[in-house]
Amino acid sequence: MSEVVSNLRPATGSPGSRIGAMVLRHWYLLKSSPPRIIDIVYWPTVQLFMWGFLQTWLADQSGKLAFAGGSLIGAMLLWDVLFRGQIGFNMSFLEELWSRNLGHLMVSPLRAHELLAALAVMSIIRVMIGLIPVTLLAIYYFGFDLMALGLWMVAFFLNLMLTSWAVGMVVCGLLLRYGLGAEHLAWSLIFILLTICCVYYPVSALPTWLQPVALSLAPTYVFEGLRSILIDGVARPELMFVALGLNVLYLVAATVLFFWFYRDALEKGTLLSTGE
Amino acid sequence: MLHSLPLAIKVEALEKRFDKVHAVRGLDFEARQGTILGLLGGNGAGKTTTIGMLLGLVRPTVGKIELLGVDVQTNRPLVQHLINFESPYVDMPLRLTVRQNLTVYGKLYGVVDLKARIAELAGILDLTHLLERPTGKLSAGQKTRVSLAKALVNSPRLLLLDEPTASLDPDTADWVRGHLEQYCREGGATMLLASHNMGEVDRLCDDVLMMKEGLIVDRGAPETLKKRYGRASMEEVFLDVARGTGVHARETTDE
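A. The interface of chain B and chain A, seen in detail. With 39 residues of chain B at the interface, the matching set in chain A holds 39 residues. Summing the contributions of chain B and of chain A, the shared interface buries around 3800 Å²; its carbon and sulfur component is 62%. Linking chain B with chain A are 3 salt bridges, by the criterion used here. In this structure, Glu267(A) engages Arg59(B) in a salt bridge whose closest nitrogen and oxygen atoms are separated by 3.9 Å. Seen at the junction of chain B and chain A, the total is 9 residue pairs in polar contact (both at pLDDT 80 or more). Per-element tally for the side of chain B that touches chain A: the top contributor is helix H3 (residues 98-108) of chain B, with 6 residues. Broken down by class, the residue content of the side of chain B that touches chain A amounts to 22 nonpolar, 10 polar and 7 charged.

B. Expanded view of the packing of helix H6 (residues 112-142) of chain A against helix H7 (residues 151-178) of chain A. Residue and element names in this part refer to chain A. With their axes 11 Å apart at the nearest point, H6 and H7 run at an angle of 125 degrees to one another. Between H6 and H7, the angle falls in the class oblique. Regarding H6 and H7, the two cross each other, and that crossing is right-handed. Between H6 and H7, the contacting residues are Leu116, Leu119, Ala120, Ser123, Ile124, Val127, Met128 and Leu131 on the first element and Phe157, Met161, Trp165, Met169 and Cys172 on the second. Counted by class, the contact of H6 with H7 contains 12 nonpolar, 1 polar and no charged residues.

C. Structural view of the sheet that holds strand E8 (residues 190-194) of chain B. All names here are of chain B. Pairing in this open sheet of 6 strands is mixed, and the strands run E6-E7-E8-E3-E9-E10 from one edge to the other. Either end of the sheet is taken by a strand with one partner, and the two such strands are strand E6 (83-86) and strand E10 (215-220). The mean inter-strand angle of the sheet, taken between neighbouring strand axes irrespective of direction, is 15 degrees. The sheet contacts of helix H1 (residues 47-55) involve strand E3 (36-41), E6, strand E7 (158-162), E8 and strand E9 (207-212), and relative to E7 the element is tilted by about 150 degrees. This element, helix H5 (residues 140-152), spans E6 and E7 of the sheet and lies at about 170 degrees to E6.

D. Representation of the pairing of E9(B) in the model. Residue and element names in this part refer to chain B. With 5 bridges joining them, E3 and E9 adopt parallel strand pairing. Within the sheet, the bridge partner assigned to Leu40 lies in E9 and is Met210. Adjacent in sequence and paired antiparallel, E9 and E10 are bridged by 2 residues, among which Glu213 carries a positive phi angle near 50 degrees.

E. How the structure looks around unusual backbone geometry. A positive phi angle, close to 55 degrees, is found at Arg100(A), a residue other than glycine. As for its position among the elements, Arg100(A) is in the loop between helix H4 (72-98) and helix H5 (102-107). Positive phi, close to 55 degrees, is recorded for Leu68(B), a residue that is not glycine. Here Leu68(B) is to be found in the loop between strand E4 (62-67) and strand E5 (70-71).

Thresholds, definitions, all that
- Residues numbered from 1 in each chain as written.
- Chains lettered and ligands numbered in written order.
- Predicted model: local features only at pLDDT ≥ 70, side-chain atom pairs only at ≥ 80, totals over all residues.
- Heavy atoms only, no water.
- Contact = heavy atoms within 4.5 Å.
- Buried area = accessible area lost by both parts, 1.4 Å probe.
- Salt bridge = Lys/Arg side-chain N within 4 Å of Asp/Glu carboxyl O.
- Polar contact = N/O pair within 3.5 Å; in protein donor to acceptor, adjacent residues only side chain to side chain.
- Helix = DSSP H or I, 4+ residues; strand = E, 2+ residues; numbered from the N terminus.
- Nonpolar A, V, L, I, M, F, W, Y, C, P; charged D, E, K, R; others polar.
- Axes fitted to C-alpha atoms, helices over the stretch in contact; angles between N-to-C directions.
- Parallel < 35°, antiparallel > 145°, perpendicular 65-115°, else oblique.
- Left-handed = near helix turned anticlockwise from the far one by under 90°.
- Pairing = 2+ DSSP bridges.

Quick look at the structure:
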């Protein structure tokens, strides 16, 4: 190192301030664009009324259907946490690609893992923007209070957010590697979980050969746990611990995969043309 | 006198291959602090890939890059806050206002007293009346000035510019060149300038690298190159190099 630069130190900004700057960037964007806010609230509201009316109808039936119907709104709201969490994570990343801004970011002192942390914070903010009004609507129109689940709701929320970040990181990696050609994956990848994670029905409803696959997925335990509380009135903490363990594995694997794609993007030079 | 200054850029045996394409082939060059180095070449010459490698957006196949005395392949965080760039290959978020964009980038670069720095840059680059306007609503020339403000927000000691005046009218382009020259000469900053505007290169650059098909085919101060090729302007020198014609090319072929 030459004498002139021997006094160089890393940037004065902390990782927290750089993550904060990225959150601020996306907050500015949301504030400036009412259609983006409406989009975040629109689909959860539509879903709520669809499943709410179905639940109301099922509640008038006799037998098991009436009991099962009681969990539909809860399952819908939790599915939305998972779905919106991943979309929120990837939407913020896609905004950088659409605006051809990623090159500026990656040249700045922002580290890749700080960018991921900012995406995670933004996914929480986006989920909250969608979830809070819909939760209030569920209480008002259907008498279903998700917050009455108390600490269980915290456990469900945490586990679903962790899964959504793991999926989000894999999608970001694919976007880095393949550019906007992989954009459709951001919207569709999570839907495979909708069927296999047994959002609206128990694991026993799946074919026998598919059940082990379902049981290897963390959200399955969340939705099973929700049904156990709402239908059987039984809390099952062990399900949350299994989900947490699986989520830790997913996050480690997703982080490794993301950085593998990131290194590959540096090799192939795709960061210079991410808006194409 | 320039040769006594410390090195701001030192590149050794730099190569980049993309599968079968050999984009950059064994570059060796350096730029001393406080100087302006021009990077010239036609489309596909390897300029953008070279700048991408200097910025850390492209990983070299082989070779070594030192910026401000630091090996950036191992210690980039030591100098990242001292470098900035502008390129037509990247944009800034268009929905954010000019002030919001500069605020975000100022925070990313850890700029102290950011409000004052934004006000200062807005004054210098005539952006004060545009600060509250969305960046996407600006004209091409205004956007270029915003990009320059972003490139200068952290008062970089090394500035990499790819076609900084491409979309500007002659008057604004001249004004921007004047400001960039003043920034480097008075602030002691170093600039690597890739440009197709030969007048710009002639006016600003202390030294010029001529690239073709991933190689540096010639180098020297603009005056030296013009004498060598027997030409009156850098534009004619550029055409000679690009087409493989001219006095120097013939001499090289004869050798």
